[in-house]
Amino acid sequence: MLRPLRDGRVRGLAVAVAALLVATACGSDTRPHPDALATPRPGGVLKLALPADPPSLDPFTTPAYAVAYGNVLSAIYDPLVWSDPATGTVRPHIAESLTPDRDARTWTLALRNGVTFSDGQPFDAAAVKANWQAHADPATGSAGAVVAAGLKLTVVDPLHLDIELPSSNRNFDRAVANNLAYIASPRALADPASLRTNPVGAGPFVLAERVPGRRLTLRRNPHYWQAGRPFLDEVDVRVAAAGTTPPSMVAAKDADLVSFSDPAQAKEAADLKLGVIRLELGGGLMLVFNTRRPPFDNPAARKAVVLSLSADEMNRRFFQGLGTPARGVFDRASRLASSQLMPRENDSEAARAAFDALTVGGTRPFRFSFLLVGGGPESQATYTQQQVERFPAVQMQIDAVDTPTLIRRTLSGDFDMAVSGMWMTDPEPVLYDFLRPGSPTNVSGYSNADVTAAMTAGRLAVDADARREAYTRVQVRLNEDVPFWVYQEAAGTVVFAPAVAGVQAYNDGLVLFDRIGLRR
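Remember, it's a predicted structure, so these values are computed and weren't measured experimentally. In every chain, residue numbers begin from 1 and rise along the written sequence. Given that the model is predicted, a residue must reach a pLDDT of at least 70 before its local features are reported, and side-chain atom pairs must reach 80 or more before they are shown or counted; all residues, however, enter totals for whole chains, interfaces and linings. Values shown for side chains rest on all heavy atoms present in the structure; no hydrogens or waters enter the calculation.

### Let's talk about the sheet that holds strand S5 (residues 95-100)
And then number 1: A pair of strands is considered paired only if DSSP assigns at least 2 bridges between the two. We count a stretch as a helix when DSSP gives it H or I for four or more residues in a row; a strand needs E for two or more, and each element gets its number in order from the N terminus. Taken in spatial order, the 4 strands make up an open sheet running S5-S6-S8-S7, and their pairing is antiparallel. The open sheet has two free edges, formed respectively by S5 and strand S7 (152-157), since each of these has just one partner strand. Averaged over all neighbouring strand pairs, the angle between strand axes comes to 20°, with direction disregarded.
And then number 2: We call two residues in contact when some of their heavy atoms are within 4.5 Å. Axis angles are defined between N-to-C directions and span 0 to 180 degrees, where every axis is a line fitted to C-alpha atoms and, for a helix, only to the segment in contact. Contacts from helix H3 (residues 125-136) reach strand S6 (106-111), S7 and strand S8 (160-164) within the one sheet, and its direction differs from that of S7 by about 170°.

### Let's talk about empty space enclosed by the protein
And then number 1: Using a 1 Å grid laid over the protein atoms alone, points where a 1.4 Å probe fits but cannot get out form a cavity; open sets with protein on both sides within 12 Å along at least 5 of 7 lines form a pocket; any residue with an atom within 4 Å of a point counts as lining. Grid points are joined across faces, edges and corners, and a volume is the space filled by probe spheres set on the points. Following the criterion strictly, the structure yields 3 cavities of 30 Å³ or more and no others.
And then number 2: Of the pockets and cavities examined, the largest cavity occupies roughly 160 Å³.
And then number 3: What lines the largest cavity is simply Gly328, Val329, Leu341, Pro343, Gln475, Leu478, Asn479, Val482, Pro483, Phe484, Trp485 and Val486.
And then number 4: When contributions to the lining of the largest cavity are tallied by element, the ones reaching two or more residues are helix H17 (464-481) and strand S17 (484-496).

### What to know about the packing of aromatic side chains
And then number 1: Ring pairs are drawn from Phe, Tyr and Trp, using the six-membered ring of Trp, whenever the two centres fall within 6.5 Å, and their geometry is named by plane angle: stacked under 30 degrees, edge-to-face over 60, tilted for the rest. Here the structure, examined in full by the defined rule, presents 17 aromatic pairs.
And then number 2: Ring geometry for Phe289 versus Phe296: centroids 4.8 Å apart, planes at 55°, classification tilted.
And then number 3: Given a relative accessible area of 0%, Phe296 falls into the buried group.
And then number 4: Centroid distance Phe296 to Phe366: 6.2 Å. Interplanar angle 75°. Geometry classified as edge-to-face. Of this pair, Phe296 sits in the loop between strand S13 (275-289) and helix H10 (299-307) while Phe366 is found in strand S14 (residues 366-373), placing the two residues 70 residues apart along the sequence.
And then number 5: With a relative accessible area of 6%, Phe366 lands in the buried category.
And then number 6: An aromatic cluster is defined as three or more aromatic residues linked by ring pairs; in this entry it consists of Phe289, Phe296, Phe355, Phe366, Phe368 and Phe391.
And then number 7: Here, over-ring charges are defined by two tests on the NZ atom of lysine or the CZ atom of arginine: distance to the ring centre within 6 Å, and angle to the ring normal within 35 degrees. Taking NZ or CZ as reference, Arg459 lies 3.6 Å from the ring centre of Tyr432, over its face. Relative accessibility decides the category of a residue: with a 1.4 Å probe and only protein chains considered, values under 20% of the type maximum give buried, values over 50% give exposed, and everything between is partly exposed.

### Observations regarding the packing of H10 against helix H12 (residues 348-358)
And then number 1: Taken N-terminus to C-terminus, the directions of H10 and H12 make an angle of 145°; their axes are 8 Å apart at the nearest point. Remark: the crossing between H10 and H12 carries left-handed chirality. In this structure, H10 contributes Ala300, Ala301, Ala304, Val305 and Leu307 to the contact, and H12 contributes Ser348, Ala350, Ala351, Ala354, Phe355 and Leu358.
And then number 2: Of the residues assigned to the contact of H10 with H12, the class counts are 10 nonpolar, 1 polar and no charged. Two helices crossing with the near one rotated counterclockwise from the far one by less than a right angle form a left-handed crossing, whereas a clockwise rotation gives a right-handed crossing. Polarity classes work like this: nonpolar for Ala, Val, Leu, Ile, Met, Phe, Trp, Tyr, Cys and Pro, charged for Asp, Glu, Lys and Arg, and polar for all others, with Gly in that last group.

### Examining unusual backbone geometry
Both trends apply: most residues other than glycine have a negative phi, and most peptide bonds are in trans.
And then number 1: With an omega of -5°, the peptide bond running from Arg229 to Pro230 counts as cis.
And then number 2: Structurally, Pro230 can be placed in the loop between strand S10 (215-220) and strand S11 (234-239).
And then number 3: The phi dihedral of Gln320 is positive, around 55°, even though this residue is not glycine.
And then number 4: Note that Gln320 resides in the loop between helix H11 (311-318) and H12.
And then number 5: Overall, Gln320 belongs to the exposed group, its relative accessible area being 62%.
And then number 6: In this structure, Val360 takes a positive phi of about 55° despite not being glycine.
And then number 7: Structurally, Val360 can be placed in the loop between H12 and S14.

### Description of the sheet that holds strand S1 (residues 40-41)
Strand-to-strand pairing in sheets goes through backbone hydrogen bonds, with the strands running parallel or antiparallel.
And then number 1: Here 3 strands make up an open sheet; going across it, the order is S1-S21-S18 and the pairing antiparallel. Every interior strand has two partners, whereas the edge strands, S1 and strand S18 (500-501), have only one.
And then number 2: Bridge count for S18 against strand S21 (residues 517-519) is 2 bridges, and the pairing is antiparallel. Across the sheet, the residue bridging to Ala501 is Gly517, located in S21.

### Focus: the pattern of salt bridges
And then number 1: Basic side-chain nitrogens of Lys or Arg form a salt bridge, by our definition, when they fall within 4 Å of a carboxyl oxygen of Asp or Glu. Going through the model one piece at a time under the given rule, you end up with 28 salt bridges.
And then number 2: Notably, a salt bridge pairs Asp414 with Arg409, separated by 3.4 Å at the nearest N-O pair.
And then number 3: Assessed through its relative accessible area of 13%, Arg409 is described here as buried.
And then number 4: What emerges from the salt-bridge pattern is a single network uniting Arg293, Asp399, Arg409, Asp414 and Asp416.

### Describing the environment of Thr217
And then number 1: Considering the arrangement of structural elements, one finds Thr217 in strand S10.
And then number 2: The spacing of Thr217 and Val45 is 172 residues in sequence and 10.0 Å in space, taken between C-alpha atoms.
And then number 3: Ignoring sequence-local partners within four residues, the contact set of Thr217 consists of Val206, Leu207, Ala208, Glu209, Glu234 and Val235.

### Considering the pairing of S14
And then number 1: In terms of burial, S14 is largely enclosed, as 6 of its 8 residues are buried.
And then number 2: Summarising the sheet, S14 and strand S15 (residues 394-401) pair through 8 bridges and their orientation is parallel. Its bridge partner being in S15, Ser369 is matched across the sheet by Gln397.
And then number 3: As judged from the 2 bridges shared by S14 and strand S16 (residues 417-424), these two strands associate in the parallel manner. Of the residues in S16, the one forming a bridge with Phe370 is Met417.

### So, the environment of Ala457
And then number 1: With respect to the element layout, Ala457 can be found in helix H16 (residues 449-460).
And then number 2: Separated by 288 residues in the primary sequence, Ala457 and Asn169 have C-alpha atoms spaced 9.3 Å apart.
And then number 3: Apart from residues lying up to four places away in sequence, Ala457 is in contact with Ala470 and Arg473.

### A closer look at the confidence of the model for the protein
And then number 1: What pLDDT expresses is the predictor's confidence in each residue, scored from 0 to 100. When pLDDT is averaged across the protein, the result is 90; 94% of the residues are at 70 or more.
And then number 2: Long-range and interchain partners of residues 1-28, a stretch whose pLDDT sits below 50, account for 78 contacts in this model, where long-range means more than four residues apart.

### What about helix H5 (residues 172-179)?
For the α-helix, the turn length of 3.6 residues means that residues three or four positions removed from each other point alike.
And then number 1: Within H5, 6 of the 8 residues are buried, leaving the element largely enclosed by the surrounding structure.
And then number 2: The set of residues buried in H5 consists of Phe172, Asp173, Arg174, Ala175, Val176 and Ala177.

### A look at the layout of surface pockets
And then number 1: Counted as a void, the second largest pocket has a volume near 320 Å³.
And then number 2: For the second largest pocket, the lining is made up of 17 residues, of which Val146, Val147, Ala149, Pro166 and Arg459 are closest to its centre.
And then number 3: At the level of secondary structure, the elements contributing two or more residues to the lining of the second largest pocket comprise helix H4 (145-148), H5 and helix H15 (427-435).
And then number 4: Here the lining of the second largest pocket is built from residues that sort into 12 nonpolar, 2 polar and 3 charged.

Below, the structure is given as structure tokens:
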């Protein structure tokens, strides 16, 4: 088993998973109570709902979040290792182990013997090396490049790969779990364009049919490496129809399993007596400032905006009061969080004084734009505009765009302030890269030597106290500099029908498809 997460976070998810009741008061409802830990029976078809048609199915360019298309990748490829949100450990799957040397500069990946891809190719160290090199290649366009770039990979033998990092990192296994866990067949890797539509992995299912815009059919992999697995014969992947919510699809039996992040939909699922697994994650929904250019190259300007806003009010307005207002970059249950490290916000008098200084007593206009998707009358942008324009000479323009444009402009630094988000089971590697100068995910352009040093100390920390001290330094400095402001805690939710069993959530709300099935 891989080494434990160093901050020792423990979630009582197993209890929460089994706690939802379905029986009516009169006892006439004979449906089973939702129970993720129930034993699956062999056979059957599981209906998996997705928010949209996957743009690709390769492990490089496909958005692998649980709220996007990660569950399809999980079913086709199977992870090398995965992060267990219930215990705070990184666990092996196709890998037998992933362990560091004394200095955590070189790691060794050991693979299970006898694993093959669905096309018959051996799942060996050379295959992992080829995939990670593809991630590192800028031409691939992989989000995993932030982890794969700079790795020196040496095939020791068919089952062992030595990985020399650019610098020591005692948390590299978490980076693999989040960014490099899915491996494609080397034969399929030779044709990247074909791989996007014809995926070949070593997971429990293979792609059998695709109807673009409507559904995917995944069938049992007859060459799967675990005897007697998977339980299911087929996974029917369906694209959600417009106007439907994931819980309503499960209640109507149009889906058996779905992952999402909306707290209002989580309540809807609970009210419908469905199985619900809630995962508390770090990061969350945020406003991110472009620190590279005026006006938000000035920390006082960033603070003035945040002081005028309220996370509690945003939760009430935009999440029906059902979400969790953020109190920093870590969720409240994390051992890395502290109520004493809450960023300052919702202080009208302090905001007034800050804007007064920026506008020289209201005589000099302070202008900026807010980039987001949508931007209607009930959006975060209109709320922000109402709040900041209470003060003399402050002017905010709403810049509403579509999702691809938002992504392109934030990545290129073409914005003043924008809506963004971050979901992390651990600060490694997500927060590290979000704050690292030069990282493609550092959309704010933030650069601070003290934060970089503290983040490096956090990834090298051996014990929980040292790790907590390092991330406390990070949070203190972030509160001073305010490159971004998290207003809603991240949460991953897995909803499943009462007939489903063997639901093991991992990472940000993905599911292990070798274990899931229908109840006996």
